[in-house]
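These are the residues of each chain, in order.
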Amino acid sequence: MATVEDFKKIELVVAQIKEVKEHPNADRLYVLQVDTGKDVRQIVAGIRKAYTPDQLVGRRVVLVANLEAAVIRGETSNGMLLAASDADGMALLAPDKEIALGSIVK
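What counts and how
Along every chain, residues carry numbers that run from 1 in the direction the sequence is written. Note on the predicted model: pLDDT of at least 70 is required for a residue's local features to be given, and 80 or more for side-chain atom pairs to be given and counted; whole-chain, interface and lining totals, by contrast, use all residues. Each side-chain value is worked out from all heavy atoms of the structure, with water and hydrogens disregarded. Numbering of helices and strands starts at the N terminus; helices are DSSP runs of H or I of at least 4 residues and strands are runs of E of at least 2. Only C-alpha atoms enter the radius of gyration, while the globule expectation follows 2.2 Å times N to the 0.38, with N the number of residues. Under the scheme applied here, a residue whose accessible area is under 20% of the maximum for its type counts as buried, over 50% as exposed, and between as partly exposed, the area being computed with a 1.4 Å probe on protein chains only. Per-residue accessibility takes into account occlusion by the displayed protein chains alone, with areas from the Shrake-Rupley method and a 1.4 Å probe. Note that His is not counted, nor are the chain ends; the positive residues are Lys and Arg, and the negative ones are Asp and Glu. The location of each charge is read from NZ of Lys, CZ of Arg, CG of Asp or CD of Glu. Strand pairing is assigned whenever DSSP identifies at least 2 bridges connecting the two strands. Here a salt bridge means any side-chain nitrogen of Lys or Arg lying within 4 Å of a carboxyl oxygen belonging to Asp or Glu. We call a set of buried Ala, Val, Leu, Ile, Met, Phe, Trp, Tyr and Cys residues a nonpolar core when their side-chain atoms join them within 4.5 Å. Residue contacts are defined here by distance: any two heavy atoms, one from each residue, within 4.5 Å place the two residues in contact.

A.B. asks: Sorry, what's going on with the overall build of the protein chain here?
C.D. replies: The helix and strand inventory of the protein chain stands at 2 helices and 9 strands. Each helix and strand of the protein chain, ordered N terminal to C terminal, gives the series α-β-β-β-α-β-β-β-β-β-β. In terms of overall dimensions, the protein chain is globule-like: its C-alpha atoms have a radius of gyration of 14 Å, near the 13 Å expected for 106 residues. Burial status across the protein chain gives 34% buried among its 106 residues. Just so you have it, the protein chain exposes about 6,800 Å², and 51% of that area is on carbon and sulfur atoms. Put simply, the protein chain has 14 plus and 15 minus side-chain charges, and the middle of one group is 2 Å from the middle of the other.

Here you go:
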């Protein structure tokens, strides 16, 4: 069972998707540029089957910002978007109103 202290180790922030490209080596992945309010970073996300690029650009999302960088199919990912999925598809987690980029999710 995770503790509150375990949860506090995860840095969740509000970010905005600025650019979306199809991953050159994977049909389920996008390579995204996201603005955290402090920096713009690249994220690789498996959301291509659920969203078009037009549905994503400009959208605010919740980002796990303090993950160690990972190389996914040759592209570096510096974070992870939060999403939920069920039998009907996938939904990105996002703030329900306009809030500053970099705002901490707690």
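A.B. asks: Mind showing me how you'd approach the sheet that holds strand S2 (residues 30–35) here?
C.D. replies: Sheet strands associate in pairs through backbone hydrogen bonding, adopting either a parallel or an antiparallel arrangement. On the basis of which strands lie adjacent, the open sheet formed by 5 strands has the order S3-S2-S1-S4-S7 and antiparallel pairing. Edge positions in the open sheet fall to strand S3 (40–45) and strand S7 (80–81), since each of these has one partner strand only. Pairing between strand S1 (residues 12–22) and strand S4 (residues 60–64): 5 bridges, direction antiparallel. Counterpart to Leu12 in the pairing with S4 is Val64.

A.B. asks: Even after reading the chapter, I still don't get the pairing of S3, so can you show me in this structure?
C.D. replies: Side chains on a regular strand alternate between the two faces of the sheet. The buried count for S3 comes to 5 of 6 residues, which makes it a mostly enclosed element. Of the pairings in the sheet, the one linking S2 to S3 comprises 6 bridges and is antiparallel in character. By the bridge assignment for S3, Val34 is matched with Arg41. The hairpin turn running from S2 into S3, its antiparallel successor, is 4 residues long, and Gly37 in that turn takes a positive phi close to 90°.

A.B. asks: Please clarify how the pattern of salt bridges should be interpreted in this entry.
C.D. replies: Side chains that differ in sign of charge can pair as their charged atoms come close. Enumeration according to the criterion identifies 6 salt bridges in this entry. Notably, a salt bridge pairs Arg48 with Glu22, separated by 3.2 Å at the nearest N-O pair. Pair noted here: Arg48 is in the loop between S3 and helix H2 (53–56) and Glu22 is in strand S1, with a separation of 26 residues, a long-range link. The exposure class assigned to Glu22 is exposed, which follows from its relative accessible area of 52%.

A.B. asks: Just to check I follow, could you spell out the nonpolar core for this structure?
C.D. replies: Generally speaking, nonpolar side chains in soluble globular proteins are found buried as a group. The biggest cluster of nonpolar side chains holds 17 residues, and the ones touching the most others in it are Leu32, Ile47, Leu56, Leu63 and Leu81. Going through the elements one at a time, S1, S2, S3 and S4 are the ones with two or more residues in this core. Top contributing element to this core by residue count: S1, with 4 residues. Beyond its immediate sequence surroundings of up to four residues, Ile47 is in contact with Arg28, Tyr30, Leu32, Leu56, Leu81, Met90 and Leu92.

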